[in-house]
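Here's the letter readout for the chains.
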Amino acid sequence: MIAVFLTAFSFYAYGDEIDYFPPLTKMPAHGITLTSPDEKGWFVSDPDGKGAYLLKVGPTKSETYAIVITMHSNNHIIKSDDELLDYVKRMNRGSSDRFKYRLTNEEFNRSHGVCFVSYYGLAEDHLAPQMPKGKEFALLEISGFYARHPDDPGLIIQVEYSYRYYPGHEDLDFKKKAEWVFKNAFFTKP
């Protein structure tokens, strides 16, 4: 698995000087281009050195929105929708002490062609960064897709939009915002 490729932008760890970039910025990555949401406050972050992603602070500093692109290179080429769906379920449903899943849903998205799976999930994050004292967990709402790249069948691209928050700070427009991000993602030559 290869982490996000947003090399055209400067990376700033959370808490350092933040370089915000304009809404509707094209963000090229390996095999895909995304457009940043039409909202102020998004910046590129790489706080743990494992790969950069877009981040936006939510209603409190410990609540965040994120957009992540991940490249999954496979030795085995996924040839069918069913193979991709099985792969997505294995990737999304791994168990850990940190996350307790309340809901996971993966389904084919035939409107985007063959080998395209959309997913949605809600999990309790028991080790959320910057968790306020007295909180047992944050909620992590996730929406995304996995797709076999049309020009490189060995490349699976994952795009994910998420919101980590505390009960009472739900975003009623979450699914609408996530869908906007996905509609503004376009495959490019890898």
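Structure: above.
Residues numbered from 1 in each chain as written. Predicted model: local features only at pLDDT ≥ 70, side-chain atom pairs only at ≥ 80, totals over all residues. Heavy atoms only, no water.

Enquirer: I keep staring at the packing of aromatic side chains and nothing clicks. Help me out?
Expert: Centre distance and the angle of the planes are the two values used to describe a pair of aromatic rings. Within the structure shown, the criterion is met by 12 aromatic pairs. Ring geometry for Phe99 against Tyr101: centres 6.5 Å apart, planes inclined by 35°, an arrangement best described as tilted. Owing to a relative accessible area of 21%, Phe99 belongs among the partly exposed residues under this scheme. The partly exposed category is assigned to Tyr101, whose relative accessible area is 36%. Ring geometry for Phe116 and Phe145: centres 4.6 Å apart, planes at 25°, overall stacked. Of the two residues, Phe116 is situated in strand 7 (residues 116–125) and Phe145 in strand 8 (residues 138–149); the sequence distance between them amounts to 29 residues. An aromatic cluster of at least three residues, connected via ring pairs, comprises Trp42, Tyr65, Tyr120, Tyr161, Tyr163, Tyr165 and Phe174. In this structure, Lys175 packs its charged tip against the face of Tyr120, placed 4.4 Å from the ring centre. (Phe/Tyr/Trp six-rings, centres within 6.5 Å; stacked < 30°, edge-to-face > 60°. Buried < 20%, exposed > 50% of the residue type's maximum accessible area, 1.4 Å probe, protein only. Helix = DSSP H or I, 4+ residues; strand = E, 2+ residues; numbered from the N terminus. Lys NZ or Arg CZ within 6 Å of the ring centre and 35° of its normal.)

Enquirer: I would appreciate a short explanation of the sheet that holds strand 1 (residues 26–29) in the present structure.
Expert: In any sheet, the strands associate via hydrogen bonds between backbone groups, in a parallel or an antiparallel arrangement. Taken together, three strands build an open sheet; the order of strands is 1-2-10 and the sheet is antiparallel. Only two strands of the sheet have a single partner each, and these edge strands are strand 1 and strand 10 (185–187). Taken pair by pair, the neighbouring strands of this sheet meet at an average axis angle of 20°, ignoring direction. Taken together, the three bridges between strand 2 (residues 32–35) and strand 10 define a ladder with antiparallel strand orientation. Its bridge partner lying in strand 10, Ile32 is registered against Phe187. (Pairing = 2+ DSSP bridges. Axes fitted to C-alpha atoms, helices over the stretch in contact; angles between N-to-C directions.)

Enquirer: So what exactly am I meant to see when it comes to the pattern of salt bridges here?
Expert: Any two side chains of opposite charge can pair if their charged atoms end up close together. Tallying each qualifying case throughout the model produces six salt bridges. Put simply, Lys56 and Glu39 hold a salt bridge, and the shortest N to O gap is 3.4 Å. Pair noted here: Lys56 is in strand 4 (residues 53–57) and Glu39 is in the loop between strand 2 and strand 3 (43–45), with a separation of 17 residues, a long-range link. Among the ionic pairs, Asp151 bridges to Lys189, the shortest N-O distance being 3.4 Å. Taken together, the positions of Asp151 in the loop between strand 8 and strand 9 (152–165) and Lys189 in the segment after strand 10 put the pair 38 residues apart, joining distant regions of the chain. Within the structure, one salt-bridge network assembled from shared partners comprises Arg98, Asp125 and Arg164. (Salt bridge = Lys/Arg side-chain N within 4 Å of Asp/Glu carboxyl O.)

In short, shape yes, function no, at least from these values alone.
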